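Structure assessment
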Amino acid sequence: MLDGWFLWFILFWIVVLISLFAIGGFFMFRKFLKRMPKQDGKSDLDWEEHYVKQTIHLWGRNELALLEDLVSPVPELFRDVAKQKIAGKIGELALKEKAKKIDLDLVIRGYIIATPKRDHKFLRKKMSDLNIDLHSYEDLFA
């Protein structure tokens, strides 16, 4: 039978492994749910890709550079996912408004809408660092 420090070591690793499996399973399940087709037959990720492909020709260098700068605070591991989500939302807005070109206003509105509410504090800080006035966008934060 196990006893002493070795027993505690084994129990510690059991708890650590179960915790890590639970955390990993949670994030995999979230990704699975985003890949599930909705009633229209497309998933959330499919729609993001669709909007990006439909509006890729509307992006200018300055807007792409701004998008890259806006997602710079996101950890590198998640940056591509964040950029895809934000670009998808910007593309959706551009298609709804039949925009001829993606401009600063569309980028800011798409960025605010695509960002979760819990991250709005960081969003405001990043925008103030870039000297972008958010007073006209306050209704999007609600």
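What you are looking at is a predicted structure, and each value in this text was computed from that prediction instead of being measured.

About the thresholds
- Residues numbered from 1 in each chain as written.
- Predicted model: local features only at pLDDT ≥ 70, side-chain atom pairs only at ≥ 80, totals over all residues.
- Heavy atoms only, no water.
- Helix = DSSP H or I, 4+ residues; strand = E, 2+ residues; numbered from the N terminus.
- Rg over C-alpha atoms; globule rule 2.2 N^0.38 Å.
- Core = buried A, V, L, I, M, F, W, Y, C linked by side-chain atoms within 4.5 Å.
- Buried < 20%, exposed > 50% of the residue type's maximum accessible area, 1.4 Å probe, protein only.
- Contact = heavy atoms within 4.5 Å.
- Patch = residues over 30% accessible without salt bridge, like charges linked within 9 Å, V, L, I, M, F, W, Y side chains within 5 Å.
- Areas by Shrake-Rupley, 256 points an atom, 1.4 Å probe, with all protein chains shown as cover.
- Salt bridge = Lys/Arg side-chain N within 4 Å of Asp/Glu carboxyl O.
- Lys, Arg positive; Asp, Glu negative; His and termini not counted.
- Charge placed at Lys NZ, Arg CZ, Asp CG, Glu CD.
- pLDDT = per-residue confidence, 0-100.

Let's talk about the overall build of the protein
- Per the secondary structure count, the protein includes six helices and zero strands.
- The secondary structure elements of the protein, listed N-terminal to C-terminal, are α-α-α-α-α-α.
- Relative to a compact globule of 142 residues, whose C-alpha radius of gyration would be 14 Å, the protein shows 21 Å and is clearly more extended.
- A principal-axis box enclosing the C-alpha atoms of the protein has dimensions of 75 × 40 × 30 Å.

So, the nonpolar core
- Counting residues in hydrophobic clusters, the biggest one holds 26 residues, and the most contacted among them are Ile90, Ile102, Met127 and Leu134.
- Among the elements of the structure, helix H3 (61-70), helix H4 (76-96), helix H5 (104-114) and helix H6 (120-129) are those that each provide at least two residues to this core.

Considering the side chain of Lys126
- Locating Lys126 in the fold gives a position in helix H6.
- With a relative accessible area of 14%, Lys126 lands in the buried category.
- Setting aside chain neighbours within four positions, we find Lys126 in contact with Asp69, Leu70, Ser72 and Pro73.

A short note on a positive patch on the surface
- On the surface, a cluster of positive charge is made up of Arg30, Lys31, Lys34, Lys85 and Arg118.
- It is helix H1 (residues 5-35) that contributes the most residues to the positive patch, three residues altogether.
- Within the secondary structure layout, Arg118 lies in the loop between H5 and H6.
- Given the relative accessible area of 65%, Arg118 is considered exposed.

Side note on the confidence of the model for the protein
- Confidence along the protein averages 89 in pLDDT terms, with 99% of residues attaining 70 or more.
- Averaged pLDDT values for the elements of the protein fall to 87 in H6 and rise to 92 in H4.

Thoughts on unusual backbone geometry
- The backbone of Lys98 shows a phi angle near 55°, a positive value even though the residue is not glycine.
- Within the secondary structure layout, Lys98 lies in the loop between H4 and H5.
- What makes Lys98 exposed here is its relative accessible area of 69%.
- Although it is not a glycine, Asn131 adopts a positive phi angle of roughly 60°.
- Assignment of secondary structure puts Asn131 in the segment after H6.

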